[in-house]
Amino acid sequence: MLNHNKCPLCGSGDIILLYECTDYLVSGEKFPVYRCRSCTFIFTNNIPEEKEAARYYQSEEYISHSDNNNGLVNSIYQYVRRWMLSSKLRMLKKESGLVKASVLDIGSGSGYFPAYLINKGWECQGIEISKEARHYAGERNNIGLKPPEDINNFENSSIDIVTMWHTLEHFYQPGEYLGSSYRILRDKGLLVIALPNHQSYDARKYREEWAAWDVPRHLWHHNIDTIKLLCDKYGFKLKSIYRLPFDAYYVSALTEKNKKSSIPLIKGFTTGFISWISSILIKRNTSSLVYIFRKD
Ligand SMILES: [Zn+2]
């Protein structure tokens with residue numbers, strides 16, 4: 001077990017227990033979540049050693065999500081996934097000003113995002129730590145993802161955009177990936193990081209039961225200020241922030257399911273809707289945010 005006795009971001013010893021969160025997905029174990037009073041960073045504590053972490057990913061949800069089309073929920077899921085892929089591409093085009101670009105996706109899971117970009121004529125390579133997910137990406141999406149150590153084989157200043165869609169919060173050594181991203185990005189290249197936002201309406205409502213704490217798989221819980229502080233250390237400047245509209249519904253419904261609510265979808269949809277409406281006026285209320293950084 002790994003224990004932080006000071007803030008992993010700013011080094012302050014002024015850290016306090018915020019919540020005891022439960023791993024609803026795999027183990028049912030509880031993990032303490034701490035907050036740094038100096039920089040506001042929140043992190044999961046007493047986490048499994050990296051070599052033990054795979055055991056906490058032994059769930060179907062982390063490999064395929066659901067690929068069969070049975071049932072209304074799955075149909076909606078597939079529709080939302082397609083919509084999200086196209087809106088991510090629009091975001092990359094707008095932010096980079098490029099019609100086509102070279103992309104490295106770190107933490108590609110089943111490979112849907114790289115496969116989508118390649119299909120649209122972009123150059124995209126993906127890195128994925130899980131052997132099972134790499135295998136699945138080959139079978140399902142006909143894409144060859146690389147293991148993490150292969151990031152060292154990329155040439156300096158060779159890539160236009162690096163993306164991390166809900167993956168940085170899982171990395172044991174986020175700094176290594178940020179350092180590598182800086183090295184392989186061309187001058188003014190973009191680093192795109194999507195993360196859950198614990199300052200959101202749904203997070204504040206559900207407190208320690210909020211599904212996006214997702215302990216012990218989520219090691220780090222960033223807000224706008226702390227992700228800026230982290231990326232600044234590695235030479236990135238924040239350029240813009242986008243909202244991810246569907247995550248509020250998904251996270252809220254999952255939270256209601258974990259709480260064993262009688263009507264989880266309806267309750268989750270209601271909270272998700274309020275979260276989404278409130279995020280239109282105030283970005284900090286958004287369940288998940290996408291941060292666009294530029295190599296400085
Ligand atoms: Zn701190």
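Residue positions within a chain follow its written sequence, with the count starting from 1. Where totals are concerned, whole chains, interfaces and linings use all residues; where local detail is concerned, this predicted model gives features only for residues with pLDDT of at least 70, and gives and counts side-chain atom pairs only at 80 or more.

Peer 1: Would you explain the sheet that holds strand β2 (residues 30-36) in this entry?
Peer 2: As a general point, the strands of a sheet are linked pairwise by backbone hydrogen bonds and lie either parallel or antiparallel. In spatial order, the strands read β1-β2-β3-β8; together these four strands make up an open sheet with antiparallel pairing. Pairing within the sheet leaves two strands with one partner each, and these edge strands are β1 (15-22) and β8 (220-221). As paired elements, strand β3 (residues 42-44) and β8 share two bridges and run antiparallel to each other. Bridge assignment links F43 to a residue of β8, and that residue is W220. A pair of strands is treated as paired once DSSP finds two or more bridges between them. Starting at the N terminus, helices and strands are each numbered in turn, a helix being any DSSP run of H or I of at least four residues and a strand any DSSP run of E of at least two.

Peer 1: Could you clarify how one ought to interpret the packing of helix α7 (residues 247-258) against helix α8 (residues 264-281) in this entry?
Peer 2: For any two helices packed against each other, one specifies the inter-axial angle together with the distance between the axes. Look at α7 against α8: their axes get within 7 Å of each other, and the N-to-C directions meet at 140°. Compared by their axis directions, α7 and α8 come out oblique. Between α7 and α8 the crossing geometry is right-handed. Two secondary-structure elements touch here, α7 through A248, Y249, S252, A253, T255, E256 and K257 and α8 through P264, L265, K267, G268, F269, T271, G272, S275 and W276. Its residues assigned to classes, the contact of α7 with α8 shows seven nonpolar, six polar and three charged. Orientation is described by axes fitted as lines to C-alpha atoms, over the contacting stretch for helices, and by angles from 0 to 180 degrees between their N-to-C directions. Angles are sorted into four bins: roughly parallel if under 35 degrees, roughly antiparallel if over 145, roughly perpendicular if 65 to 115, and oblique for all others. Definitions for this section: a left-handed crossing has its near helix turned counterclockwise from the far helix by less than a right angle. A right-handed crossing has that turn clockwise. Remark: residues whose backbone-derived C-beta atoms lie within 7 Å of one another are considered to be in contact. Residue type decides the class: Asp, Glu, Lys and Arg count as charged, Ala, Val, Leu, Ile, Met, Phe, Trp, Tyr, Cys and Pro as nonpolar, and the leftover types, Gly among them, as polar.

Peer 1: Sorry, what's going on with the sheet that holds strand β6 (residues 159-165) here?
Peer 2: The mixed open sheet is built from six strands, whose spatial order is β5-β4-β6-β7-β10-β9. Edge positions in the open sheet fall to β5 (123-127) and β9 (236-243), since each of these has one partner strand only. Strand-to-strand twist of the sheet, defined as the mean angle between neighbouring strand axes without regard to direction, takes the value 20°. Looking at chain direction, β9 and strand β10 (residues 288-295) are connected through seven bridges and run antiparallel. By the bridge assignment for β10, Y242 is matched with V290. Running at roughly 150° to β9, helix α6 (residues 224-233) makes contact with β7 (185-196), β9 and β10 of the sheet.

Peer 1: Which parts of the structure should I look at to understand the pairing of β5?
Peer 2: Strand residues, when the strand is regular, have side chains that alternate between the two faces of the sheet. Among the five residues that make up β5, four are buried, leaving the element largely enclosed by the rest of the structure. Examined bridge by bridge, strand β4 (residues 102-106) and β5 share five bridges and lie parallel to one another. When the bridges of β5 are listed, S102 appears paired with E123. Seen with the strands pointing away from the viewer, any crossover whose path from the first strand over the helix to the second strand runs clockwise is right-handed. Taking the sense of rotation as the criterion, the β-α-β connection linking β4, helix α2 (residues 112-119) and β5 turns out right-handed. Burial in this document is a count-based property: other C-beta atoms within 10 Å of a residue's C-beta are tallied, and the residue is buried at 20 or more, exposed at 12 or fewer, or partly exposed in between, with C-beta positions derived from the backbone.

Peer 1: Would you mind going over the environment of T255 with me for this structure?
Peer 2: With respect to the helices and strands, the residue T255 is situated in helix α7. Along the chain, T255 and A211 lie 44 residues apart, while their C-alpha atoms are 4.8 Å from each other. Leave out the neighbours within four places in its chain, and T255 touches Y206, E209, W210, A211 and G268.

Peer 1: Would you explain the nonpolar core in this entry?
Peer 2: Linking buried Ala, Val, Leu, Ile, Met, Phe, Trp, Tyr and Cys residues through C-beta atoms within 7 Å yields a set, and such a set is a nonpolar core. The biggest cluster of nonpolar side chains holds 69 residues, and the ones touching the most others in it are L191, V192 and I193. If we skip the residues at most four places from it in the chain, V192 touches I161, T163, M164, V290 and I292.

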